[in-house]
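Okay, here's what each chain looks like letter by letter:
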Amino acid sequence: MSAIALASLGQDAEDFSDDDGSIALGPSDAFVSSPAVQEIADRALAYLDAGYAVHFSGPAGSGKTTLAFHVAAQLGRPSILLHGDHEFGSSDLIGRESGYRRSRVVDNYISSVVKLQEEGRALWTDNRITTACRLGHTIIYDEFNRSKPEANNPFLSILSEGVLNVPGLHGRGEGYIKVHPHFRAIFTSNPVEYAGVYRAQDALLDRMITLYFDHYDRDTEVAIAAKKGGVDQARAEKVVDFVRLCRRQGSDPHYPTLRASIAIARVLAARGGEASVSNPVFRWACRDILGRGSQNSAKPAEFTADVVDELLLQFELEALERAQRMHAQGPANHSVHF
Ligand SMILES: Nc1ncnc2c1ncn2[C@@H]1O[C@H](COP(=O)(O)OP(=O)(O)OP(=O)(O)O)[C@@H](O)[C@H]1O
């Protein structure tokens, strides 16, 4: 077994890879479990325990993949990770012929007689879905709608009949594989994204239970920004509140995401200083991380550096007014949030 670096994917589960390409996921200290996170995890686990596949559908950065890893870790089975890809064909998922093996038996037990026996056999290499179905692994299929719908067809019979049809093995007594009772599948997709994605077949969606994600509540976002960004609660609150203000003010209700809060928090943690307009590090981090990107960027064009500056000023003014109001009300009421 060798450790693989899913950390680079930002995942929150300890993991080790095995020879069959599976990974053993375990609990991670970096995972934040607020009531909101726990509630959706519990629902997903209930459906998985009942034998259903689940599908996390939601905008970018809403925590779908992280939760998929967390839930898969709870199942306690080896997991196999797939990323949707428009170049996938069914054979990339279920397997393919991988050559031909010829064996020759020379029987010269009686030295004057040589008996030759030849046998040819096409070799088959299982791919990840077949392995998972045979061994009862958990499949995490991230952004499955980036694969062409026909590539995902094997899931239709897996999820409804518990059978994997492997045409390449027909005629060898193994054309159909009975799916292991512990096999489970967790799908994720982003319905907001339209570039490079396919519309998932209704038949496939009908065979899974879809849980719709939105951005987490403020407290959950603050907890994640603090943990992932490595800043204290007060700075995480200011960063998240500013990012949420931008989300409300912009034309795209899904931009900026929690990833922006984590990134700004990380810069603050690395360079120090407060999440305040008076701190140049915070100002330029907000401009660069939230501001307008290239033409192909996911960032909406309206977030120019000037707009980010204006929003920062508005944010500071609102914070000041709130502090003054609280001061006027006395020490009893300190629970007002944005
Ligand atoms: N419960 C959590 N605990 C700790 N970190 C989290 C949690 N949920 C989300 N995050 C962090 O928030 C960021 C976005 O989460 P994630 O990648 O899971 O979102 P996503 O919805 O899968 O996004 P995309 O659709 O863009 O792939 C990541 O850095 C992730 O580590």
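Residues numbered from 1 in each chain as written. Predicted model: local features only at pLDDT ≥ 70, side-chain atom pairs only at ≥ 80, totals over all residues.

Novice: Talk me through the overall build of the chain; I want residue IDs and the actual numbers.
Specialist: Looking only at helices and strands, one finds 11 helices and 11 strands in the chain. A buried classification covers 35% of the 338 residues belonging to the chain. At a minimum sequence separation of 6, the contacts of the chain that also span at least 24 residues come to 69%. (Helix = DSSP H or I, 4+ residues; strand = E, 2+ residues; numbered from the N terminus. Buried ≥ 20, exposed ≤ 12 C-beta atoms within 10 Å, placed from the backbone. Contact = placed C-beta atoms within 7 Å.)

Novice: A description of helix H9 (residues 258–271) should follow, citing residues and the corresponding values.
Specialist: End to end, H9 covers 20 Å across 14 residues, agreeing with the expected 20 Å (1.5 Å per residue, within 8%). Every buried residue of H9 is listed here: Leu258, Ala260, Ser261, Ile262, Ala263, Ile264, Ala265, Val267 and Leu268. Buried positions along H9 lie against helix H7 (218–229), helix H8 (233–249) and helix H10 (280–290). Phi turns positive one or two residues past the end of H9, at Gly272, with a value near 80°. (Expected span 1.5 Å × (residues − 1).)

Novice: Lay out the site of the ligand with the relevant residues and their values.
Specialist: Near the ligand lie 21 residues; those nearest to it are Val32, Ala60, Gly63, Thr65 and Thr66. Broken down by secondary-structure element, the contributors of at least two residues to the shell around the ligand are helix H2 (64–75), H7 and H9. In this structure, the shell around the ligand is formed jointly by two domains, domain 1 (6–94 + 127–212) and domain 2 (218–329), each of which donates at least three residues. (Near = placed C-beta within 6 Å. Domains from an automatic or database assignment.)

Novice: Hey, could you go over unusual backbone geometry for me, with residue numbers and the actual values?
Specialist: Leave glycine aside and you will find that most residues have negative phi; peptide bonds, for their part, are mostly trans. The peptide bond linking Tyr255 to Pro256 adopts the cis configuration, its omega dihedral lying at -5°. The topology assignment puts Pro256 in the loop between H8 and H9. Residues other than glycine seldom take positive phi values, yet Glu143 does so here, at roughly 50°. Along the chain, Glu143 falls in the loop between strand S7 (138–142) and helix H5 (154–161).

Novice: Which residues make up the nonpolar core, and what values go with them?
Specialist: If you look at the biggest cluster of nonpolar residues, it comprises 70 residues, and the most contacted ones within it are Ala225, Val239, Ile264 and Cys286. Counting residues per element, this core draws most heavily on H9, which supplies eight residues. Look past the residues within four positions of Ile264 in its chain and what remains in contact with it is Val239, Ala285, Cys286 and Ile289. (Core = buried A, V, L, I, M, F, W, Y, C linked by C-beta atoms within 7 Å.)

Novice: Go over the packing of H7 against H8 with me, naming the residues and quoting the values.
Specialist: Axis separation between H7 and H8 bottoms out at 8 Å; the angle between their running directions is 120°. The orientation of H7 with respect to H8, classified from their angle, is oblique. Considering only the axes of H7 and H8, their crossing is right-handed. Counted together, Arg218, Glu221, Val222, Ala225, Ala226 and Gly229 of H7 and Gln233, Ala236, Glu237, Val239, Val240 and Arg244 of H8 form the full contact between these two elements. (Axes fitted to C-alpha atoms, helices over the stretch in contact; angles between N-to-C directions. Parallel < 35°, antiparallel > 145°, perpendicular 65-115°, else oblique. Left-handed = near helix turned anticlockwise from the far one by under 90°.)

Novice: Kindly report on the domain arrangement of the chain, identifying the contributing residues and their values.
Specialist: The assigned domain composition of the chain is domain 1 (6–94 + 127–212) and domain 2 (218–329). Contacts between the two partners involve 10 residues from domain 1, matched on the other side by 10 residues from domain 2. Class assignment of the residues belonging to the side of domain 1 that touches domain 2 gives a composition of seven nonpolar, three polar and no charged. (Nonpolar A, V, L, I, M, F, W, Y, C, P; charged D, E, K, R; others polar.)

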